[in-house]
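The residues making up each chain are set out below.
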Amino acid sequence: MKKRHIQKLIVLGIGLWMLFNVPFILLCNSADAFFGIPIFYAYLFSVWILAVVLSFLIIHKYNE
């Protein structure tokens, strides 16, 4: 794997660590709902799916 791909994955990991840390989690911890889904769960799953898509794009470019 090229060094720039490794660096992108490390930056993605650090970004995810920050997004799943306590201050950001507490910002989304409310009783409100977004399309019937609690905001806390919507935040967790949207960040998670964003991480999956970004890591797929980074790894996919490595295989070309």
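So, here's what we can say about the structure. Per chain, residue numbering runs from 1 following the sequence as it is written. In keeping with the model being predicted, local features are shown solely for residues with a pLDDT of at least 70 and side-chain atom pairs are shown and tallied solely at 80 or more, while totals for entire chains, interfaces and linings include all residues. Side-chain metrics rest on all non-hydrogen atoms present in the structure, leaving aside hydrogens and water.

In this section: a positive patch on the surface. Together, Lys2, Arg4, Lys8 and Lys61 line one region of the surface with positive charge. Relative accessibility decides the category of a residue: with a 1.4 Å probe and only protein chains considered, values under 20% of the type maximum give buried, values over 50% give exposed, and everything between is partly exposed. Judged by its relative accessible area of 55%, Lys61 is exposed. Like-charged residues are merged into a patch within 9 Å and nonpolar side chains (Val, Leu, Ile, Met, Phe, Trp, Tyr) within 5 Å, provided each residue has over 30% relative accessible area and no salt bridge. Methods summary: accessible areas were calculated by the Shrake-Rupley approach with a probe of 1.4 Å, and residue burial reflects only the protein chains presented. For salt bridges, the criterion is a side-chain nitrogen of Lys or Arg within 4 Å of an Asp or Glu carboxyl oxygen. The charged-residue count follows a simple rule in which Lys and Arg add positive charge and Asp and Glu add negative charge, with His and chain termini not counted at all. A single reference atom marks each charge: NZ on Lys, CZ on Arg, CG on Asp, CD on Glu.

Helix numbering and strand numbering both begin at the N terminus, where a helix is a DSSP run of H or I of at least 4 residues and a strand a DSSP run of E of at least 2. Looking at the element boundaries, Ser55 is found in helix α3 (residues 39-63). Classification of Ser55 as partly exposed rests on a relative accessible area of 24%. Measuring from C-alpha to C-alpha, the distance between Ser55 and Leu19 comes to 16 Å, with 36 residues separating the pair along the chain. When sequence neighbours within four positions are dropped, the list of residues in contact with Ser55 reads Leu9 and Leu12. Contacts are assigned to residue pairs that have any heavy atoms within 4.5 Å of one another.

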